[in-house]
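# Secondary and tertiary structure notes
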Amino acid sequence: MKKFISLILAAGLALGTFTGCGGNSAAEETSSNSEAVVLRVGAQPYPLYSSIYVAHELGYLEEELEAVGAAYEWKEFKSGSLVNEAAAAGEVDMGFMADLPAIISRSTGQPVEIISNVAYGEKALAVLVRPDSDITSVAELEGKKVAYTTGSYTQHLIALLLANEGLSLDDIESINLAAGDQAAALTNGDVEAIVTWEQYVSQFISDGTAKLLADGTGVKKGNMITYFETDYAEAHPDVVKAYIRALNRAGEYIEENPDETAELAAETFGVDIDVMKTILSHLTFTTELTEDDIAEITKVKDFSLEQGLISNDIDINSFINTEYVNAVNAE
């Protein structure tokens, strides 16, 4: 992260765009302002959430929170399930993740609500096979070992793709593997295919580890969302809206400065600049929650219930709260 900050500051000197943006974490700010409301952020260091990292690193989040008398603490986790655990333990006030892990959290009784999108991208999640694989269609995965992370939104993708071929998850041998372990399993021949997300999709294709079999195009929108603890959001609505404003600023920056964003973010996420450019091209960064987004998340909820990923149904109308993002986007 320090390298990313250094790159940002260097770019700022060259471009004249970052004057006055501090590189210090807002968590440090809280120690000198004990009266500030503190937002504890459950973060995940993946390019899917580039807009939030831009907001964090360029000072947008700090600035917007300071404007409403708040500060924040930044805590990183390797998966949405770990963010869920931290939320359940009372260690974070909000988190960002794919739609399915958020649904799982709510179904367990955790009082969280989706307050905004972060990004979406049909090409940002995909099924990959070895470069020398003879498999050319999803239908040919029948009876094969396929690795994905159980409870992740890639499980929904592979189920949808199989359904389009008249198949189901019962027709493949599902292997539960974390994204970071999938490349080795594929290369070693332990599995015939993996289902993963960015940065791994573009990285594995670029370095020759895998080739694309199918992605979410026309099948799954791939929503990344932000949820807040409901009690926290109700107590501090200005903080929620400040967070959304920061993301909107970051989204605008990414759209207007794609090359600079790719250069700066590549260091943070451990990929080369060209791969980062591809990743960013696969994603649309927006906080807006449209009727289409709500319909997509509802489909994921229904799938989760059917597959036994959740045992309790949830009320989408109370789970997705568009009040905050609509208020900000109407400003």
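Data block above holds the structure.
The residue numbering used here restarts from 1 in each chain and proceeds along that chain's sequence as written. Only residues with pLDDT of 70 or above have their local features reported here, since the model is predicted, and side-chain atom pairs are shown and tallied only from 80 upward, although totals for entire chains, interfaces and linings are computed over all residues. Excluded from the side-chain calculations are hydrogens and water; all other atoms, namely the structure's heavy atoms, are used.

## Notes on the environment of tyrosine 46
Relative to the assigned elements, tyrosine 46 resides in the loop between β1 (37-43) and α3 (50-57). Take tyrosine 46: its relative accessible area is 10%, and that puts it in the buried class. Residue contacts are counted whenever heavy atoms from the two residues lie within 4.5 Å of one another. Setting aside chain neighbours within four positions, we find tyrosine 46 in contact with Lys78, Trp197, Glu198, Tyr200 and Phe269. We count a stretch as a helix when DSSP gives it H or I for four or more residues in a row; a strand needs E for two or more, and each element gets its number in order from the N terminus. Categorising residues by exposure relies on relative accessible area from a 1.4 Å probe, with only protein chains included: less than 20% of the type maximum marks a residue as buried, more than 50% marks it as exposed, and the intermediate range marks it as partly exposed.

## Brief notes about the packing of aromatic side chains
Centres within 6.5 Å make a pair out of two Phe, Tyr or Trp rings, where for Trp the six-membered ring is used; the pair is then stacked when the planes are under 30 degrees apart, edge-to-face when over 60, and tilted otherwise. One pass over the full model with this rule turns up 11 aromatic pairs. Clustering of aromatic rings is evident, with ring pairs tying together Tyr49, Tyr53, Tyr72, Trp74, Phe96 and Phe269.

## Considerations on unusual backbone geometry
Here glutamate 198 and glutamine 199 are connected by a cis peptide whose omega angle stands at 20 degrees. With respect to the secondary-structure elements, glutamine 199 resides in the loop between β8 (193-197) and α9 (200-206).

## Some thoughts on the pairing of strand β5 (residues 125-129)
Within a regular strand, side chains alternate between the sheet's two faces. Of all 5 residues in β5, 5 are buried, a share of seventy percent or more. Only when DSSP finds a minimum of two bridges between them are two strands counted as paired. Sheet analysis places β5 next to β8, joined by 5 bridges and oriented antiparallel. Paired with valine 127 across the strands is valine 195, a residue of β8.

## Focus on the nonpolar core
Ranked by internal contacts, the top residues of the largest apolar core, which has 111 residues, are Phe96, Leu141 and Tyr243. Ranked by residue count, the leading element in this core is helix α11 (residues 237-256), at 10 residues. When neighbours within four sequence positions are excluded, tyrosine 243 is seen to be in contact with Ile52, Leu61, Met94, Phe96, Ile115, Ser116, Val118, Thr226 and Phe228. Here, the term nonpolar core denotes a set of buried Ala, Val, Leu, Ile, Met, Phe, Trp, Tyr and Cys residues that are joined through side-chain atoms within 4.5 Å.

## Concerning the packing of helix α6 (residues 99-107) against helix α14 (residues 291-306)
Axis geometry follows a simple rule: fit a line to the C-alpha atoms, using only the stretch in contact for helices, then measure angles between N-to-C directions, giving values from 0 to 180 degrees. Relative to each other, α6 and α14 sit at 60 degrees, their axes nearing to 10 Å. Relative to α14, α6 is oriented oblique. The two elements α6 and α14 cross, and the hand of that crossing is right-handed. When α6 is examined against α14, the residues Asp99, Leu100 and Ile103 are found in contact with a partner set consisting of Ile297, Val300, Lys301, Phe303 and Ser304. Residue polarity is assigned by list, with Asp, Glu, Lys and Arg as charged and Ala, Val, Leu, Ile, Met, Phe, Trp, Tyr, Cys and Pro as nonpolar; anything else, Gly included, falls into the polar class. Class assignment of the residues belonging to the contact of α6 with α14 gives a composition of 5 nonpolar, 1 polar and 2 charged. Angles are sorted into four bins: roughly parallel if under 35 degrees, roughly antiparallel if over 145, roughly perpendicular if 65 to 115, and oblique for all others. Each crossing is labelled by how the near helix is turned from the far one, with a counterclockwise turn of less than a right angle marking it left-handed and a clockwise turn marking it right-handed.

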